[in-house]
Amino acid sequence: MNGLDYFFLIGDFTVAVGLVIGFVLAYRNKKISNTYYIMFWIGCLIGSTWEFTFLYLGPEFVHSVKEWPYGLGGWPRKVSHSIWDGGLFMVGVYLCEKYLKGPLFQRFDKIELFIFSSWGIFQELLVEYLFNGRVWIYEPLPWNPVIIPALPGSAALCPGYTLIPQAVWVVAPIVFYFIFLKVTEINKG
């Protein structure tokens, strides 16, 4: 592993730890609501569903460009990425807070869902552009075909952008949003 590889490794876990500490402190200091705190953890749980499924599917589906040392490349990396996913979902919450007038998340709102979905798809494309072929590679398979060829500036090892990771971030924001509405309803009562 070279310096950039260690930067990715350290950055991966530092951001995950920072997210957990940040959300715990924000909740304890009453900077975020109980609903937002719960939804961060639900976002992490939702993310873990595909992160650990991908780990279970093994290197024939997705594999590291370089193996991380100290046993950090398997389930520790998936825990970290699940926490990142929780944070990414909460960026969608932030975007709704920033651009929409409240009250938010009280009932189904197509604009809220549009923001969640647009953010989910955008960030997945950006994450794949930045890291596919540099940190991991999703193998093109009959059930995970390349749907977007490698873009200019993509890593040399990037085979293109495959279906499953993109589909996850089409479906996951919808699931997150409807759970969010239910949690908001429960916390009101």
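Refer to the preceding data block for the structure.
In what follows, the accompanying structure is described. Bear in mind that the values here come from a model prediction, so they are computed numbers and not experimental data.

## So, the pattern of salt bridges
With the rule as written, the count across this model stands at three salt bridges. A salt bridge links Asp5 to Lys66; the shortest N-O distance between them is 2.9 Å. Of the two residues, Asp5 is situated in helix α1 (residues 3-28) and Lys66 in the loop between β1 (62-64) and α3 (75-99); the sequence distance between them amounts to 61 residues. Since its relative accessible area comes to 9%, Asp5 is described here as buried.

## Examining α1
For α1, built from 26 residues, the straight-helix expectation of 38 Å at 1.5 Å per residue is met to within 8% by its first-to-last C-alpha distance of 37 Å. Of the surrounding elements, those touching the buried residues of α1 are α2 (34-57), α3 and α4 (110-131). Two residues or fewer after α1 comes Lys30, characterised by a positive phi angle close to 60 degrees.

Parameters and conventions
Residues numbered from 1 in each chain as written. Predicted model: local features only at pLDDT ≥ 70, side-chain atom pairs only at ≥ 80, totals over all residues. Heavy atoms only, no water. Salt bridge = Lys/Arg side-chain N within 4 Å of Asp/Glu carboxyl O. Helix = DSSP H or I, 4+ residues; strand = E, 2+ residues; numbered from the N terminus. Buried < 20%, exposed > 50% of the residue type's maximum accessible area, 1.4 Å probe, protein only. Expected span 1.5 Å × (residues − 1). Contact = heavy atoms within 4.5 Å.

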